[in-house]
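# An overview of the molecular structure
These are the residues of each chain, in order.
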Amino acid sequence: MEQTFSRRGFLKGAAAAALAVSAMGLTGCSTDAGSEPSTAVILGDYKVDLDLKRSVLGKNGDGSATVKLSVFVTNNDAGAAAMPFIRSMFPSLYAGETELKAGNSKTEFATLPMRVPTECTPSFIIEDADLYQQVNSGAVDLKLTVKLSGQTAVYTLNFGTLTKTVEKIG
């Protein structure tokens, strides 16, 4: 049995085959190999995400330790907004059951231009050396509360495994 192909039929078949081959490469879709998954959460007019790889946990000279978190806030509203920074946006950080003391912040207010992610770096102090070791090893998680637009989210962070999750609670 002889089969004949028209030029048009051949081009359609070739295009379909090329599409199928290119789609096979997409079956394992992922972000960059080194990037961490997004845990962005919407709180009113704001999108919040925390970058654990850019966050810092380090010892101070006096035996205490400082946690500096890299949090990106995007204002999705119609204009620039001046927001209270540390005290109201990031009211607490817990290491296990221990509430950590807020660190010194050079900026009490952050100006958040429309649709531009702004990095905020709230800092907290771990005064207990044993608690620092537990947080650093990943034996104890940190829980950061974020409040914006009357809504709340809690990030759970593990410095040992560099993992994070977020739960919107209000």
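The text that follows walks through the structure, step by step, so that each part is easy to find. Owing to the predicted nature of the structure, the values given are computational and were not obtained by experimental measurement. (Residues numbered from 1 in each chain as written. Predicted model: local features only at pLDDT ≥ 70, side-chain atom pairs only at ≥ 80, totals over all residues. Heavy atoms only, no water.)

## Notes on the environment of Asp62
Keep this limit in mind: Where helices and strands are cited, they refer to DSSP runs of H or I of at least four residues and of E of at least two residues respectively, numbered from the N terminus. Counting of polar contacts relies on pairs of N or O atoms within 3.5 Å, with two restrictions inside protein: one atom must be capable of donating a hydrogen and the other of accepting it, and residues adjacent in sequence are counted only when both atoms are side-chain atoms.
With respect to the helices and strands, Asp62 occurs in the loop between strand 2 (46-59) and strand 3 (65-75). Between the alpha carbons of Asp62 and Glu127 there is a distance of 9.2 Å; along the sequence they are 65 residues apart. A polar contact of 2.6 Å, which involves the side chain of Asp62, links it to the side chain of Ser64.

## Side note on the sheet that holds strand 5 (residues 92-95)
The strands making up a sheet associate through hydrogen bonds between their backbones, and the pairing can be parallel or antiparallel. The following threshold applies: Pairing between strands is defined by DSSP: at least two bridges between the two strands are required.
Strand order in this open sheet of 5 strands is 6-5-11-12-13, and the pairing throughout is antiparallel. Sheet topology places strand 6 (98-99) and strand 13 (163-168) at the edges, where each strand pairs with a single neighbour.

## A word on the nonpolar core
Rules: Here, nonpolar core means buried Ala, Val, Leu, Ile, Met, Phe, Trp, Tyr and Cys residues that are tied together by side-chain atoms lying within 4.5 Å of each other. When accessible area is computed with a 1.4 Å probe and restricted to protein chains, residues below 20% of their type maximum are described as buried, those above 50% as exposed, and intermediate ones as partly exposed. Note on definitions: a residue-residue contact is assigned when non-hydrogen atoms from the two residues lie within 4.5 Å.
In this structure, Val48, Leu69, Val73, Ile126, Val135, Leu142 and Leu144 are the most contacted members of the largest nonpolar core, which totals 33 residues. Among the elements of the structure, strand 1 (41-43), strand 2, strand 3, strand 5, strand 10 (123-126), helix 3 (129-137), strand 11 (142-148) and strand 12 (151-158) are those that each provide at least two residues to this core. Sequence-distant contacts of Ile126, defined by excluding residues within four places in its chain, comprise Leu57, Ser64, Ala65, Val67, Leu100, Leu131, Tyr132 and Val135.

## Notes on the side chain of Thr66
Looking at the secondary structure, you find Thr66 in strand 3. Only 2.9 Å separates the side chain of Thr66 from the side chain of Asn60, close enough to count as a polar contact. For Thr66, the residues in contact, after removing those within four places along its chain, are Val56, Leu57, Gly58, Asn60, Ser123, Phe124 and Ile125.

## Observations concerning the pattern of salt bridges
Rule in force here: One speaks of a salt bridge when a side-chain nitrogen belonging to Lys or Arg is within 4 Å of a carboxyl oxygen belonging to Asp or Glu.
Evaluated as defined, the whole model comprises 3 salt bridges. The salt bridge involving Glu119 is made with Arg54; its shortest N-O contact spans 2.7 Å. You can see Glu119 sitting in strand 9 (residues 118-120) and its partner Arg54 sitting in strand 2, a full 65 residues away along the chain. For Glu127, the salt bridge is made with Lys101, and the minimal N-O distance between the two is 3.3 Å. Note that Glu127 is positioned in the loop between strand 10 and helix 3 and Lys101 in strand 7 (residues 101-102), a separation of 26 residues in sequence.

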